[in-house]
Structures are given as C-alpha cells and as structure tokens.
Amino acid sequence: MNLMELMYNRRSIRRYKPDMLSDDTLYELVKAAVSAPSAGNVQPWEFIIIKERDIKIALAKAAYNQMFIAEAPVIIVVCANLLEASRAYGERGVNLYCIQDTAAAIENMLLYAFSKGIGSCWIGAFSEKTVEKILSLPEFIRPVALIPLGYPAETPEKPVRKSLNSVIHFNSFRVK
Ligand SMILES: Cc1cc2nc3c(=O)[nH]c(=O)nc-3n(C[C@H](O)[C@H](O)[C@H](O)COP(=O)(O)O)c2cc1C
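*Asks:* Break down the site of the ligand for me, citing the residues and quoting the values.
*Replies:* Near the ligand there are 13 residues, and of these Arg11, Ser12, Arg14, Gln66 and Arg161 occur at the shortest range. Between Ser12 and the ligand, the recorded distance is 2.6 Å, taken from a side-chain N or O atom to an oxygen atom. A distance of 3.2 Å separates an oxygen atom of the ligand from a polar atom in the backbone of Ala125. Burial of the ligand by the protein amounts to 65% of the accessible area it has alone, namely 630 Å². Partitioned by chemical class, the residues of the shell around the ligand number six nonpolar, three polar and four charged.

What follows is the structure in structure tokens.
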C-alpha cells in the first residue's frame, strides 16, 4: 500500500489476537513515533510499554472500563514531558506544542503499525489522575494517549468522513 492507501485504510481496532508483538517490533513502532516532527525538535515525548496483565486491566478500568484495551497484548502509553516543553516554549509549549508533538508521534505509530498488519486504537478517554497513579508518573509527565496494539481479530468498516467540500475553505473561513 502506498501512503495514501495506508492513511485511508487504517482503522481503529478493538479486538486483538493474543499473539505478543516482538520487542524488535515495539522498538520499530517507537522509532516510527519519534520520526514525527516536533516544535523546535524538542521531542517532548515518552513511551511506556505495558505487557503486564494487571497493569493493562488497571489502565482499561482507568479508561472508563473500556475493557477491550486489556485484551491487547501490549499497550503503549504516550506521554508528554511538560518540563522539556516548558523549558523550550513556556506556556505555549506545555498547552499546545507538546500535545501536537505527541499527536504527530501517535499517528506515525498507528500508520506504521497498520503497515505491518498490527491493529491499534488511539484511546483518549481516561482519567489522567488514575493513569498517573498506576504508572507512578511524576507531575511533569502527562499521559496523552493509551495505544493498545495487537494483531487484529476484526475488520471494521470505515466510519464515514465529512465531505472535503464541507471542511475546505478558500481564502477565508466561511460557515457552511
Ligand atoms: C484523540 C482521540 C481520542 C480517542 N479516544 C478513543 C477512546 O477513548 N476509545 C475508543 O474506542 N476510540 C477512541 N478514539 C478512536 C476514534 O473513535 C476513531 O479514530 C474514530 O471513530 C474514527 O475511526 P477510525 O480510527 O477507524 O478511522 C480516539 C481517537 C482520537 C484521535
């Protein structure tokens, strides 16, 4: 698949086969993530790899009982390093850039995973306080997303996207 096909066909996968991903594959996924652009090349991201069953269950509960997360062989928790973001760009670094940077890294990871036949789902709905406790995060490490990863056990339909015409504006914003 070329890049457009990868972007077009990637789906959120919420059912996984139990097969574990190799450590080489996990390193490749993070390598894809850290190839993303970041403001000033600060790279204010951290990746916590979870294989332990009890921790996966705790994370799934922290994600408002999205228990499918615990069925993935691996979860990568993508975090923003607020200290690095703040040192480089102050409030804008903390409130905007590090979120954009980690989001770009996550999307790279999801696309690379898909290109290797690995399913993933971007999980944003979780209690940050609870995840901080589970993973013993210091206050300057903000969990941005949980990414369950595993070989897919489902092939979902593509959810409908808005039409291009409804979201493209030429020269100035117009309410459509
Ligand atoms: C910021 C963000 C947060 C999301 N949070 C969740 C979530 O908590 N649980 C979930 O099942 N999917 C979550 N998703 C996945 C979306 O539901 C999914 O991307 C969307 O429905 C489009 O489907 P697709 O990924 O298959 O194209 C999230 C996606 C993003 C980008």
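So that's the structure; there's more coming.
*Asks:* Before we move on, could you go through the nonpolar core and cite the residues and values that matter?
*Replies:* One finds Phe47, Ile76, Ile147 and Leu149 to be the most contacted residues of the largest nonpolar core, which totals 25 residues. Breaking this core down by element, the ones donating at least two residues are α2 (23-33), β1 (45-50), β2 (74-81), α5 (82-115) and β4 (141-150). At eight residues, the largest contribution of residues to this core is made by α5. Contacts of Ile76, omitting those with residues within four sequence positions, involve Leu26, Val30, Phe47, Ile48, Ile49, Met109, Ala145, Leu146, Ile147 and Leu149.

*Asks:* Hey, could you go over the pairing of β4 for me, with residue numbers and the actual values?
*Replies:* Most of β4 sits out of view: nine of its ten residues are buried. One ladder, built from eight bridges, connects β2 with β4; its direction is antiparallel. The residue of β4 that forms the bridge with Val78 is Ala145.

*Asks:* Please set out the packing of aromatic side chains residue by residue, giving values where relevant.
*Replies:* One pass over the full model with this rule turns up one aromatic pair. When the centroid spacing of 5.1 Å and the interplanar angle of 90 degrees are considered together, the rings of Tyr89 and Tyr97 count as edge-to-face. With a relative accessible area of 22%, Tyr97 lands in the partly exposed category. When the ring centre of Tyr8 is taken as reference, the NZ or CZ atom of Lys158 above it lies at 4.1 Å.

Each value, and the rule that gives it
Residues numbered from 1 in each chain as written. Predicted model: local features only at pLDDT ≥ 70, side-chain atom pairs only at ≥ 80, totals over all residues. Heavy atoms only, no water. Near = heavy atom within 4 Å. Polar contact = N/O pair within 3.5 Å; in protein donor to acceptor, adjacent residues only side chain to side chain. Areas by Shrake-Rupley, 256 points an atom, 1.4 Å probe, with all protein chains shown as cover. Nonpolar A, V, L, I, M, F, W, Y, C, P; charged D, E, K, R; others polar. Core = buried A, V, L, I, M, F, W, Y, C linked by side-chain atoms within 4.5 Å. Buried < 20%, exposed > 50% of the residue type's maximum accessible area, 1.4 Å probe, protein only. Helix = DSSP H or I, 4+ residues; strand = E, 2+ residues; numbered from the N terminus. Contact = heavy atoms within 4.5 Å. Pairing = 2+ DSSP bridges. Phe/Tyr/Trp six-rings, centres within 6.5 Å; stacked < 30°, edge-to-face > 60°. Lys NZ or Arg CZ within 6 Å of the ring centre and 35° of its normal.

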